[in-house]
Amino acid sequence: VYRARGVDGVQWAVPLYFSFMRMKLPDGTRRLVQVVGLDDATLMGAPPEMVQGRIEDLRKDRAIIVDHDTLASKLRVKREDRALAVGDKVTFNDKAEAIIAGTFKPSKSFFWEPLIYTTYSRARTLALPERRMTTYVLVKVKPGYDKQAVADELTATLGITARTNAQFDRATVEYIIKETGILINFGMAVGLGFLVGALVAGQMLYNFTLDNLRHYAALKALGLTNGRLIAMVLLQAAIVGLIGYGLGVGLGAGLGTLVAKGGLAFLLPWQVMAVSFVLILIICLGSAGLCIAKVLKAEPAMVFK
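What you see is a predicted model, and the numbers here were worked out from it, not measured in a lab. (Residues numbered from 1 in each chain as written. Predicted model: local features only at pLDDT ≥ 70, side-chain atom pairs only at ≥ 80, totals over all residues. Heavy atoms only, no water.)

J.: Explain the nonpolar core to me, please; I cannot follow it from the model alone.
T.: Burial of nonpolar side chains together is a common tendency in soluble globular proteins. Core analysis: the largest hydrophobic core is formed by 23 residues, its most contacted members being M23, I64, L84, V90 and F92. For this core, the secondary-structure elements that each account for two or more residues are β1 (10-24), β2 (30-38), β4 (63-67), β7 (89-92), β8 (96-104) and α3 (120-126). Those residues in contact with F92, other than ones at most four positions away along the chain, are M21, R22, M23, V33, V35, I64, A98, I116 and L126. (Core = buried A, V, L, I, M, F, W, Y, C linked by side-chain atoms within 4.5 Å. Buried < 20%, exposed > 50% of the residue type's maximum accessible area, 1.4 Å probe, protein only. Helix = DSSP H or I, 4+ residues; strand = E, 2+ residues; numbered from the N terminus. Contact = heavy atoms within 4.5 Å.)

Structure representation (structure tokens):
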């Protein structure tokens, strides 16, 4: 931290601690929680919105503040059938006691574990001993200095990686995609959904065409051109595709809203909707192609058989 403060262009630098810890509730229940230790003097990096208490309450003896959204669902005292409340005492790693001094409104996170804030020095006493207890160093760049240039200088001077906000965001996303199974799981789900959707849509439209093949043949006998028959099949496929796309997007958005209320982050950007529309269009065109081939082979004479 002191070496970072000495780099040209750094306005201030403070330590930040982050770790997963085992917390024991008053009834003996153990929970895995995320613990963030803020700089004792500045409390830099604190949550922006408090629900109960003040962020300055962290300076009280053994004080911690707890993620308000997880109190009712994950931090319950089962013996008394209630959620943890301000004033309750908890124990970390069976060695250090802490007192809940307030609750805060958390931002959406990839992890399900409850989030807890305390001071940097207190977090070090709650955690199991390690040789290096500083997880991150938060750095503010002076006005007029280039952030990337200062980050490069920090990397060269300290021998550790320095990232800007955007680079840290990107590194987090890359870690979740590459180091966790979420990409494989979602990829398999999307792939199977696309495959099943294509097969079901193609089968349904093809069966519909077979059931009405005599009518297509009758239209041919009445003088309807192949181009008009193709337009009819494409129109039917387009109507079915648009209805299915609308239902799918609506159900997806509704499910995402419910998931967001449960504590998970949910985002439905327009790019996802555009790609989904293109995939639905491909399925419809493929299904329509099978139907068109059958319709074009239909002979008008079959009407009179």
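J.: Whenever I open this one, the side chain of D27 confuses me. Can you help?
T.: Considering the arrangement of structural elements, one finds D27 in the loop between β1 and β2. At 5.9 Å, R79 is the nearest oppositely charged side chain to D27, a buried residue that forms no salt bridge. Not counting the four nearest positions on each side in its chain, D27 is found in contact with R76, V77, K78 and R79. (Lys, Arg positive; Asp, Glu negative; His and termini not counted. Salt bridge = Lys/Arg side-chain N within 4 Å of Asp/Glu carboxyl O.)

J.: What is the right way to read the environment of L281 from this model?
T.: Summarising the element assignment, L281 is placed in helix α9 (residues 270-297). Remark: the alpha-carbon pair of L281 and N165, spanning 116 residues in sequence, is separated by 38 Å.

J.: Even after reading the chapter, I still don't get helix α6 (residues 182-211), so can you show me in this structure?
T.: Given 3.6 residues per helical turn, the α-helix brings residues three or four places apart onto the same face. End to end, α6 covers 43 Å across 30 residues, agreeing with the expected 44 Å (1.5 Å per residue, within 8%). Every buried residue of α6 is accounted for by G202, L205 and T209. (Expected span 1.5 Å × (residues − 1).)

J.: Looking at this structure, how should I read α9?
T.: Taking 1.5 Å per residue, 28 residues should reach 40 Å; α9 reaches 41 Å between its end C-alpha atoms and fits that length. Residues of α9 that are buried: I283, C284, S287, A288, C291, I292 and V295. Packed against the buried residues of α9 are α6, α7 (213-221) and α8 (226-261).

J.: Is there a simple way to explain a nonpolar patch on the surface in this structure?
T.: A contiguous nonpolar surface patch, about 840 Å² in accessible area, is contributed by F194, L234, L242, V275, F277, V278, L279, L281, I282 and L285. Looking at the nonpolar patch, the elements with two or more residues in it are α8 and α9. Sorting elements by how many residues they give to the nonpolar patch places α9 first, with seven residues. Residue position: I282 is located in helix α9. Residue class for I282 comes out partly exposed when judged on its relative accessible area of 47%. (Patch = residues over 30% accessible without salt bridge, like charges linked within 9 Å, V, L, I, M, F, W, Y side chains within 5 Å. Areas by Shrake-Rupley, 256 points an atom, 1.4 Å probe, with all protein chains shown as cover.)

J.: What is the right way to look at the packing of aromatic side chains in this model?
T.: What characterises a pair of aromatic rings is the spacing of the ring centres plus the angle enclosed by the ring planes. Enumeration over the complete set of coordinates arrives at four aromatic pairs. Centroid distance F104 to Y117: 5.1 Å. Interplanar angle 85°. Geometry classified as edge-to-face. Taken together, the residues F104 in strand β8 and Y117 in strand β9 (residues 115-119) connect sequence positions 13 residues apart. Judged by centre distance (5.4 Å) and plane angle (80°), the ring pair of Y245 and F277 falls under edge-to-face. Here Y245 is found in helix α8, whereas its partner F277 is found in helix α9, with 32 residues between them in sequence. (Phe/Tyr/Trp six-rings, centres within 6.5 Å; stacked < 30°, edge-to-face > 60°.)

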